[in-house]
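Residue strings, one per chain:
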Amino acid sequence: MSIAYAGFTITRVPMLTDNYAWLVGHDGASAFIDPADAAVAIEAVDRQGGKLDYVLLTHHHDDHIAGAAALAARFGAALVGNAADAARLPALDMAMNDNESIAFGGSTLKMITTPGHTSGHVTYLFGDAIAACGDTLFSLGCGRMFEGTPEIFHTSLHRLATLAPDTMLLCGHEYTLANARFARSVDPDNEALMARARVVEKLRAAGEATIPTRLADELLTNPFLRAQTPEEFARLRAAKDRF
Ligand code: ZN
Ligand code: FE
């Protein structure tokens, strides 16, 4: 599946059980995000022209990095990740720091830190159109808080919340249906959420993906993104863990 958006080509690459990896292109530049399975990733790149400049890693979990070295080697791509977490990532060709950006085709590729799921988790921004946010933000949910505090995670979500509303979010997992059940339980009077939940149920019943999702839609419906304080976020995260 490929979609054209704001001059970019976005290809969703399902892998493992419910992971999404992503291939993003712009004016001949290309980047693959979070390749857990090298064989699946290589096939996807071959289908899109067989050229790859960057392999981008959002965080150190195996279901996001296991295929990275083999994929990068196959196409001579540069392996890119958070400099601050390099010790837990495969050997990086380019270690980036918070707010650092590079040219990407006719656009830009910028890394911002979004810790909370893990302490070294980052998000990659393509121009002002796309955010590859890994396991920080899901549609109608967010990642588990393995290595953060509510303050840290809330700050990261706020950082994503203040991106351009039309930003397309490339999330790391298809968890939306389960997330919708929890979201409805904590925000039952939210009509935008009810409408989104109905769309999600239809899509999943038909075996279709719910991601990418638009930031503006998440701002209306995602309880974690809507949490006003770290305390509110902490209550939601703890409730979801027990849900
Ligand atoms: Zn993870
Ligand atoms: Fe994951």
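Before any of the text, the structure's been laid out above.
About the criteria used
Residues numbered from 1 in each chain as written. Chains lettered and ligands numbered in written order. Predicted model: local features only at pLDDT ≥ 70, side-chain atom pairs only at ≥ 80, totals over all residues. Heavy atoms only, no water. Donors = N, O, S within 2.8 Å, 3.2 Å for Na, K, Ca; no water. Tetrahedral: all angles 85-135°; square planar, octahedral: opposite > 155°, others 65-115°. Helix = DSSP H or I, 4+ residues; strand = E, 2+ residues; numbered from the N terminus. Phe/Tyr/Trp six-rings, centres within 6.5 Å; stacked < 30°, edge-to-face > 60°. Buried < 20%, exposed > 50% of the residue type's maximum accessible area, 1.4 Å probe, protein only. 1 Å grid on protein atoms, 1.4 Å probe; cavity = no way out; pocket = protein on both sides within 12 Å on 5 of 7 lines; lining within 4 Å. Points joined across faces, edges and corners; volume = space filled by probe spheres on them. Nonpolar A, V, L, I, M, F, W, Y, C, P; charged D, E, K, R; others polar. Contact = heavy atoms within 4.5 Å. Pairing = 2+ DSSP bridges. Axes fitted to C-alpha atoms, helices over the stretch in contact; angles between N-to-C directions. Salt bridge = Lys/Arg side-chain N within 4 Å of Asp/Glu carboxyl O. Left-handed = near helix turned anticlockwise from the far one by under 90°.

1. Regarding the coordination of the iron ion (ligand 2)
Every protein donor of the iron ion (ligand 2) is accounted for by D63 (OD), H64 (NE2), D135 (OD) and H173 (NE2), and the metal-donor separations fall at 2.1 to 2.4 Å. Classification of the site at the iron ion (ligand 2) rests on its four donor atoms, whose angles at the metal span 85 to 170°, yielding the label irregular. Within one chain, the residues donating to the iron ion (ligand 2) are spaced in sequence as D-H-x70-D-x37-H. A separation of 3.1 Å is found between the iron ion (ligand 2) and the zinc ion (ligand 1), which are bridged by D135. Highlighted residues: D63 in helix 2 (residues 62–65) and D135 in the loop between strand 11 (130–134) and strand 12 (137–138), separated in sequence by 72 residues.

2. Here's the deal with the packing of aromatic side chains
Using the criterion set out here, one finds nine aromatic pairs in the structure. Look at Y20 and W22: their rings are 5.8 Å apart centre to centre, the planes differ by 65°, and that puts the pair in the edge-to-face class. Comparing Y20 with W22, the two get one shared label, buried. Each ring, one from Y54 and one from F104, has its centre 6.3 Å from the other, and the planes form 40°; the classification is tilted. Of this pair, Y54 sits in strand 5 (residues 54–56) while F104 sits in strand 8 (residues 101–104), and the two are 50 residues apart along the sequence.

3. What about the layout of surface pockets?
Sizing a probe to match a water molecule and rolling it over the atoms shows the empty space that remains. In this structure, the largest pocket encloses a volume near 200 Å³. Lining the largest pocket are 13 residues, with F138, C142, G143, R144 and Y175 sitting closest to its centre. If you list the elements that add at least two residues to the lining of the largest pocket, you get helix 5 (176–186) and helix 9 (230–242). Its residues placed into classes, the lining of the largest pocket shows five nonpolar, four polar and four charged. Its volume calculated, the second largest pocket comes out at about 170 Å³.

4. Notes on the environment of R196
For R196, the location among the structural elements is in helix 6 (residues 191–205). For R196, a relative accessible area of 15% gives the class buried. Discounting chain neighbours no more than four positions away, the residues touching R196 are S139, L140, T176, T210, T213, E218 and T221.

5. Let's talk about the sheet that holds strand 6 (residues 78–82)
Paired through their backbone hydrogen bonds, the strands of a sheet run either parallel or antiparallel. Judged by pairing direction, the sheet is mixed, and its seven strands sit side by side in the order 1-2-3-4-5-6-7 without closing on themselves. Since the sheet does not close on itself, it has two edges, and those belong to strand 1 (2–5) and strand 7 (94–96), each with one partner. Taken over all neighbouring pairs, the strand axes of this sheet differ in orientation by 25° on average, direction set aside. In this sheet, strand 2 (residues 8–15) lies alongside strand 1 in antiparallel orientation, the contact comprising four bridges. Residue Y5 lies in a different strand from strand 2, and its bridge partner there is F8.

6. Focus: the pattern of salt bridges
Going through the model one piece at a time under the given rule, you end up with 13 salt bridges. Where K51 meets D53, a salt bridge forms, and the shortest distance between an N and an O atom there is 2.9 Å. Of the residues examined, K51 reaches a relative accessible area of 42% and is grouped as partly exposed. Judged by relative accessible area, which is 26%, D53 ranks as partly exposed. Salt bridges here are not isolated pairs; linked through shared partners, they connect D85, R88 and E147.

7. Quick look at the pairing of strand 9 (residues 107–113)
Alignment of strand 8 against strand 9, held across four bridges, turns out to be antiparallel. Bridge pairing in strand 9 places I102 opposite L109. Counting the residues that bridge the hairpin from strand 8 to strand 9 gives two residues, and of these G105 lies at a positive phi of roughly 55°. In terms of strand pairing, strand 9 meets strand 10 (residues 122–126) through five bridges, oriented antiparallel. Paired with L109 across the two strands is F126, which belongs to strand 10.

8. Brief notes about the packing of helix 1 (residues 38–47) against helix 3 (residues 68–75)
Geometry of a packed helix pair, given as the angle between the helix axes and the separation of the axes. With their axes 8 Å apart at the nearest point, helix 1 and helix 3 run at an angle of 35° to one another. For the pair helix 1 and helix 3, the crossing hand works out as right-handed. Of the residues in helix 3, those in contact with A38, A41, I42, V45 and D46 of helix 1 are A70, L71, R74 and F75.

9. Here we look at the coordination of the zinc ion (ligand 1)
Protein coordination at the zinc ion (ligand 1) comes from H59 (NE2), H61 (ND1), H117 (NE2) and D135 (OD), with a distance range of 2.2 to 2.3 Å. The coordination sphere of the zinc ion (ligand 1) comprises four donor atoms, whose angles at the metal cover 86 to 174°; the geometry is irregular. One chain supplies every donor for the zinc ion (ligand 1), spaced along it as H-x1-H-x55-H-x17-D. With a relative accessible area of 4%, H117 lands in the buried category. Assessed through its relative accessible area of 3%, D135 is described here as buried.

On their own, these measurements won't tell you what the molecule is for.
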